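So you can see what is in the structure, the chains are spelled out below.
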Amino acid sequence: MRGSRQQQITEIAIWVAGILVVGGAVGYGVHHLGKTAWFNADLWFSAVVVIAMAAAVFYYIRRIKRDPETIYVRRIPGVDAIEEAVGRSTEMGRPVLYVTGVEETQNIQTVASLLILGHVAEMIAEYDTDIKVANAYPLTMVLAEEIVRQGYANVGRSDAHRPENVMFITPEQFAFAAGVNGLILRERPATNIFLGRFFAESLMLAETGYVTRAIQIGGTAEITQLPFFVAACDYAILGEELYAVSAYLSREPQLLAQLKSTDLIKGLVIILIVAGALSATFSSLFGGFDLAAWLVP
Amino acid sequence: MVKKQLPLLLGSIAGILVVADLFVPQGWLAATSDRLFEWGQILAAAALVLGGINLMQVNYPKIRRREEDWPYKVVLLVSAAAMFLVGIPWHEIGGARSPGEVVVERGGAAGQAMLRIEAARPDAVVKIDGGAVPIDGKMIGRASRDGHPLEIALAPGKHKVQVAMTASGYGVLDAEFDVAAGQVAVAHAALPMDWGKEGRVRTWAYDHVFSPCNATMFALLAFFIASAAFRAFRARNTEAALLLGAAIIVLLGRAPIGTLINRNLPDITNWIIDWPNNAGRRAIIMGAALGAIVTGLRVLLGMERQHVGGE
Amino acid sequence: MALEKSVKPPRSLGERLQGFDRRWIFLAMGLAIVIPLLAPLNLPFKPSPMVKALYDTIDSLKEGDVAYLSVDLDPASTPELEPFFRAVVLHLKRKNVKIAIGSTWYAAPPLIERWIRDAVEPQQAFAGQDGYEGKPDRPYEKNVDYTWLGFREGKEAVINRLGSDLRGNYSGRAADGTPLDRIPFMKGKNRLGDFDLVILVSAGSPGAKEFVQQVQTRYNIPMVASVTSVMTTDLTPYYQAKQLLGLAGGMLASAEYEQLVGKPGLGAKAADVLSVGHLVVILAILFGNIIFFTTRPGGARWLRRRFRGGRRR
């Protein structure tokens, strides 16, 4: 409709103007404010990407709140399988094993895994089944325990939560693999969920889980381990899908807005790649201009 | 408010400061960011205590109830306790013992300077002047010869002697001395055994327990890869068949046998890895990077609240 | 009337194949690893361009240059990386290049200290030695020709700091407590960029990738790396972008580098295992596909028609 279209254009114009003003102020600061720069000019492109992403998030939040149907999110089979797998565990009377990866809490993949754990914990509390959470670092264990406790509390099942189900194994990579393998072979979980950053132990965990005939959902953004999860797990969540799972499960407008903002920035990235390839191929036509060096000095 | 909003606010402020440090080259910001990282490390170290307690809380009840595989849990707790104890630098309690000293005394043959090694551990190795003075024709010799302390004639003047055990975890006598003709420099090498992170027992446990176990676990991957390949690499459709073909070419090309089969196979393998493989990987990396930025943003901006209690 | 014993019908070939026990594959892999170690095949191989580039970069160092060697690994990755370490140390010692060794992995120091005692301090290669045609090296003296700086916890933060303040990172001292000021070749070496070359021996994270991202990109430092096989694809783009001047990925690359240095050792022995092991994996894949095609509906019939000339209906 014309009215809402005008509103959209106005909003975009306000955002662009805001970015230009902020950018101008920063640029002014770079040139005029004292000897110590207030902005590392070499990183200008990274700053633009981050600001653009934040701006896109806010824009889509407002758009989704106005009209939730405007956002389409494609199916991620691995995520859809989580609820089915939890149901299967409940029927079989066996627990769900959730592994948060082998990296420390500050790693973004571990953060993503912990955020998903909250949703899975709520599901498990609703289905009244058991969850075992294996963590490689104590701080991750502490956070995971709090998240699982809150998940149970959110569905009114605080009494069912058992803190000893959230375990610290060890930060040593292969000792962690041995510990989790032992857990799998003893507890025989019906579902194994491996989400987070993994290294060489990914295949060991997945193959051991296969022996116990568990349904396995593996997800990581660690490129070198993706093939192992694809080969050995029933469902694989690849790369950026790991970061989308939380939004996908909760369907909160704020989180869905972030998926859309990622898509928008991806579109810009594609344009830049094409432009960069053209500028590199026909650089003589552009007076020797190097787009890559200009963007990232 | 305190339980949910305050942690979000603190997290946002800390995160924004660290992100700002990347873009704003101000000393105070860098110092603040460094301090935040240090606090994070201190928190992580404190959490280690919680981890140890959790280890006890999870495993001890299973031992008491004699649940399945309870002996392994005894091994777990005993070895954890043992490594904790051997990691304490016991030898520094009451002051670290000296590895030894070199004392120059009279009593050598006229016109000759001597070095005598009196080592508490006869199988210690000796190096004189960095190996420049040969001992039995070699640069390194043993501290005792036929059950007697090693004695070597030296040119009068300044020298260096090092007496050490071949295994690490013992003190090392590293001393300079000045010996004149007719004098004997006696190197009293106590070479006390060290404890702690570089101590003998911990090093032994590392070499004879940790290293083999670590290597064994990694070696299992060879078997798991074969088994996973057998199970998963099925030509169910055209794409799977292409993947299968590429996998076989790369497997052959990355081993010497590939060159025997066809001398172009390594080049074809490198082409597959350098071009189509890299193209796909870069796409996944870029997508994952954008996803990571957005996840970080939503935690920083307080949009994600799972870690502080949901809605 | 007596009850008849129930008799299970014989299993078809398809059913028996479906129930194939994967422990046979484990056995085949075990034999594939052990037999070539006992009876080497000595299959020839030639160095790849990336390994050749790595060799040439190190060869271009001059006497008196100082290299920083970051050894970030654990016992699990020694088969792939130890051959490279020994070969690169021999290469550097032959050229009288001084070496500063550091690590960001907590499991590495005991290994490094052992390798220093075995490979850095004593002479490795003698003139006229069997199977060796290169120049001899010489024994290296601690804090005169090489120094062991030790391990620092902190992962990427440590790597970042190496780029700006290496001395601060190691508190101004080597691992044995010797002040860096008292080590002659460390004079003027305050940051990674002050070294003539940075050599990375890396088994994972933190490692070569973090060094390239945090330090090489920012300070444009000459860098080469030896990594495990699985990391090769991750780092090849950096080699293509000339951020890494050479790259050795995996056991075979370590063997190739040993060959270039002129002293084949552990890597060369393991290259045969690689060949046979890869063949076993390929056979497992093919066998899996045979099972898949024979047990799917119509599969067996198709195979019979194809290979026995059965009548078409």
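Everything below is about the structure printed above this text.
Attention in this report is confined to the structure presented alongside it. Keep in mind that this is a model prediction, so the values were computed, not measured.

### Details of the nonpolar core
Right, so step 1: Formed by 200 residues in total, the largest nonpolar core has its most connected members in L117(A), A226(B), A67(C), M223(C) and L244(C).
Right, so step 2: If you tally residues by element for this core, the top one is helix α4 (residues 108-127) of chain A, at 12 residues.
Right, so step 3: Beyond its immediate stretch of four places on either side in the chain, L117(A) contacts Y98(A), T100(A), V133(A), A144(A), I147(A) and V148(A).

### Section: the environment of S226(C)
Residues and elements named next belong to chain C.
Right, so step 1: Relative to the helices and strands, S226 resides in strand β5 (residues 223-227).
Right, so step 2: Judged by the 30 C-beta atoms lying within 10 Å of it, S226 falls in the buried class.
Right, so step 3: Between the C-alpha atoms of S226 and R182, which are 44 residues apart in sequence, the distance is 31 Å.
Right, so step 4: If we skip the residues at most four places from it in the chain, S226 touches L81, F84, V201, A248 and S254.

### Some points on the sheet that holds strand β4 (residues 191-195) of chain A
Strands in a sheet are paired, the pairing made by backbone hydrogen bonds, and the direction either parallel or antiparallel.
Residue and element names in this part refer to chain A.
Right, so step 1: Spatially, β3-β2-β1-β4-β5-β6 is the arrangement adopted by the 6 strands of the open sheet, whose pairing is parallel. Where the open sheet ends on each side, the last strands, each with one partner, are β3 (166-168) and β6 (235-238). Each neighbouring strand pair of the sheet contributes to a mean axis angle of 15°, computed without reference to strand direction.
Right, so step 2: Two elements, strand β1 (residues 96-99) and β4, share 4 bridges in a ladder whose sense is parallel. When the sheet's bridge partners are listed, V99 is paired in β4 with F194.
Right, so step 3: Taken strand by strand, helix α3 (residues 77-92) contacts β1, β4, β5 (215-220) and β6, and its axis lies near 145° from that of β5.

### So, the sheet that holds strand β9 (residues 173-179) of chain B
All names here are of chain B.
Right, so step 1: Pairing is antiparallel across the open sheet formed by 4 strands, whose spatial order is β4-β3-β8-β9. For this open sheet the edge positions go to β4 (140-142) and β9, each flanked by a neighbour on one side alone. Averaged over all pairs of adjacent strands, the angle between their axes in this sheet comes to 30°, without regard to strand direction.
Right, so step 2: Relative to β4, strand β3 (residues 125-128) is paired through 3 bridges, and the arrangement is antiparallel. Its bridge partner being in β4, V126 is matched across the sheet by G141.

Parameters at a glance
Residues numbered from 1 in each chain as written. Chains lettered and ligands numbered in written order. Predicted model: local features only at pLDDT ≥ 70, side-chain atom pairs only at ≥ 80, totals over all residues. Core = buried A, V, L, I, M, F, W, Y, C linked by C-beta atoms within 7 Å. Buried ≥ 20, exposed ≤ 12 C-beta atoms within 10 Å, placed from the backbone. Helix = DSSP H or I, 4+ residues; strand = E, 2+ residues; numbered from the N terminus. Contact = placed C-beta atoms within 7 Å. Pairing = 2+ DSSP bridges. Axes fitted to C-alpha atoms, helices over the stretch in contact; angles between N-to-C directions.

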